[in-house]
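For reference, the chains in residue letters:
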Amino acid sequence: EAQVTQNPRYLITVTGKKLTVTCSQNMNHEYMSWYRQDPGLGLRQIYYSMNVEVTDKGDVPEGYKVSRKEKRNFPLILESPSPNQTSLYFCASSLTGNSPLHFGNGTRLTVT
Amino acid sequence: GQNIDQPTEMTATEGAIVQINCTYQTSGFNGLFWYQQHAGEAPTFLSYNVLDGLEEKGRFSSFLSRSKGYSYLLLKELQMKDSASYLCAVNDYKLSFGAGTTVTVRA
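Residues numbered from 1 in each chain as written. Chains lettered and ligands numbered in written order. Predicted model: local features only at pLDDT ≥ 70, side-chain atom pairs only at ≥ 80, totals over all residues. Heavy atoms only, no water.

### Brief notes about the overall build of chain B
Next, step 1: Tallying secondary structure elements over chain B gives 0 helices and 11 strands in all.
Next, step 2: Its C-alpha radius of gyration of 13 Å places chain B within 12% of the 13 Å reference for a compact globule of 107 residues.
Next, step 3: Across its three principal directions, the C-alpha atoms of chain B cover 40 × 30 × 20 Å.
Next, step 4: Within chain B, the proportion of its 107 residues that are buried is 49%.
Next, step 5: Taking the intrachain contacts of chain B between residues at least 6 apart in sequence as the baseline, contacts between residues at least 24 apart amount to 55%.
Next, step 6: Across chain B, the centroid of the 8 positively charged side chains sits 2 Å from that of the 10 negatively charged ones. (Helix = DSSP H or I, 4+ residues; strand = E, 2+ residues; numbered from the N terminus. Rg over C-alpha atoms; globule rule 2.2 N^0.38 Å. Buried < 20%, exposed > 50% of the residue type's maximum accessible area, 1.4 Å probe, protein only. Contact = heavy atoms within 4.5 Å. Lys, Arg positive; Asp, Glu negative; His and termini not counted. Charge placed at Lys NZ, Arg CZ, Asp CG, Glu CD.)

Given below as structure tokens:
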């Protein structure tokens, strides 16, 4: 089944404790992206990747890191999480940067 | 930068028609997407417009006017399962989303 898989679904952590949210797609998509979704603000792009080893900042990249060492994986790293990073996170992929996005099921992160 | 506006909430009756408007101001334009998002779930793709005009897909249609920076999503024969948020997303050199319109369908 074609899908984007992100883990974990729920995560509660404390300020400053490094964490990684994994994202994997099995559709051989070139484009992958991370979004955060907050009430009233909609989906805001954190980072995106047009292809392997190519990543770029989105609208809200501060406090986040990504890597794209393989085509299928695009992990999101929070080196030192802070409470303002409490949010719902979505990973998404598409064939190209101008194709419909396929979203993962989301990761609800709480930083205390 | 991009500025994408859509109404926050709309309510309609089962069987009726609802039109969700989206206006945008972008430096370029490479296409406009509509996504549906049920509460607690991931967004799913509904439609894509890159040229002016109407695209029809069953009960859902989407319209685009590039000169006016305007699009709408038309939902016909509303069903209870259509209660969801509808997200307008515009691609200039990158994709940006509007805040979404929450549609509530009442019996």
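### Some remarks on the interface of chain A and chain B
Next, step 1: Opposite the 17 residues of chain A that make contact, chain B presents 17 residues.
Next, step 2: Of the roughly 1,400 Å² buried between chain A and chain B, counting both surfaces, carbon and sulfur atoms make up 53%.
Next, step 3: The tally of links between chain A and chain B comes to 1 salt bridge.
Next, step 4: The residue Asp59 of chain A makes a salt bridge to Lys94 of chain B at a minimum N-O spacing of 2.4 Å.
Next, step 5: At the boundary of chain A and chain B, one finds 7 residue pairs in polar contact (both at pLDDT 80 or more).
Next, step 6: Of all the secondary-structure elements, those providing two or more residues to the side of chain A that touches chain B are strand E4 (31-38) and strand E5 (42-51) of chain A.
Next, step 7: Looking at the side of chain A that touches chain B element by element, the count peaks at 3 residues for E5 of chain A.
Next, step 8: Split into classes, the residues belonging to the side of chain A that touches chain B amount to 7 nonpolar, 9 polar and 1 charged. (Buried area = accessible area lost by both parts, 1.4 Å probe. Salt bridge = Lys/Arg side-chain N within 4 Å of Asp/Glu carboxyl O. Polar contact = N/O pair within 3.5 Å; in protein donor to acceptor, adjacent residues only side chain to side chain. Nonpolar A, V, L, I, M, F, W, Y, C, P; charged D, E, K, R; others polar.)

### A short note on the pattern of salt bridges
Two side chains that carry opposite charge are able to pair once their charged atoms sit near each other.
Residue and element names in this part refer to chain A.
Next, step 1: The full count for this structure, using the stated rule, is 8 salt bridges over all chains.
Next, step 2: Linking Glu79 and Lys65 is a salt bridge whose minimum nitrogen-to-oxygen distance equals 2.9 Å. Placement of Glu79 in the loop between strand E8 (76-78) and strand E9 (87-94) and of Lys65 in strand E7 (residues 65-66) is noted, with a sequence separation of 14 residues between them.
Next, step 3: Here Glu79 falls in the partly exposed class, since its relative accessible area comes to 37%.
Next, step 4: In this structure, a network of salt bridges that share partners links the residues Arg36, Asp38 and Arg44.

### So, the sheet that holds E8 of chain A
Within a sheet, neighbouring strands are paired by backbone hydrogen bonds and run either parallel or antiparallel to one another.
Residues and elements named next belong to chain A.
Next, step 1: Judged by pairing direction, the sheet is antiparallel, and its 4 strands sit side by side in the order E1-E3-E8-E7 without closing on themselves. Strands at the two margins of the open sheet, each flanked by one partner only, are strand E1 (4-7) and E7.
Next, step 2: With 4 bridges joining them, E1 and strand E3 (residues 19-25) adopt antiparallel strand pairing. Bridging from a neighbouring strand, Thr5 pairs with Ser24 of E3. (Pairing = 2+ DSSP bridges.)

### Some thoughts on the sheet that holds strand E8 (residues 70-75) of chain B
All names here are of chain B.
Next, step 1: With antiparallel pairing, 5 strands are arranged side by side in an open sheet as E1-E3-E8-E7-E6. Of all strands in the sheet, those with a lone pairing partner are strand E1 (3-5) and strand E6 (53-57), marking the two edges. Strand-to-strand twist in this sheet, taken as the mean axis angle between neighbours without regard to direction, amounts to 15°.
Next, step 2: Where strand E7 (residues 60-65) lies against E8, 6 bridges are found, and the strand directions are antiparallel. Residue pairing in the sheet places Ser65 in a bridge with Tyr70 of E8. (Axes fitted to C-alpha atoms, helices over the stretch in contact; angles between N-to-C directions.)

### Regarding the environment of Met10 of chain B
Next, step 1: Take Met10 of chain B: it is sitting in strand E2 (residues 9-13).
Next, step 2: Taking the C-alpha atoms as reference points, Met10 of chain B and Lys57 of chain B, separated by 47 residues in sequence, lie 21 Å from one another.

### Observations regarding the nonpolar core
Next, step 1: Ile20, Leu32, Trp34, Leu73, Leu75, Tyr86 and Cys88 of chain B are the most contacted members of the largest nonpolar core, which has 21 residues in total.
Next, step 2: Going through the elements one at a time, E2, strand E3 (18-25), strand E4 (32-37), E7, E8, strand E9 (84-91) and strand E11 (101-106) of chain B are the ones with two or more residues in this core.
Next, step 3: Ignoring any residue separated from it by four or fewer positions in sequence, one finds Leu32 of chain B in contact with Tyr24, Ser47, Tyr48, Asn49, Leu64, Ser71, Cys88, Ala89 and Val90 of chain B.
Next, step 4: Leu19, Met27, Trp34 and Tyr64 of chain A belong to the second largest nonpolar core, which has 19 residues in total. (Core = buried A, V, L, I, M, F, W, Y, C linked by side-chain atoms within 4.5 Å.)

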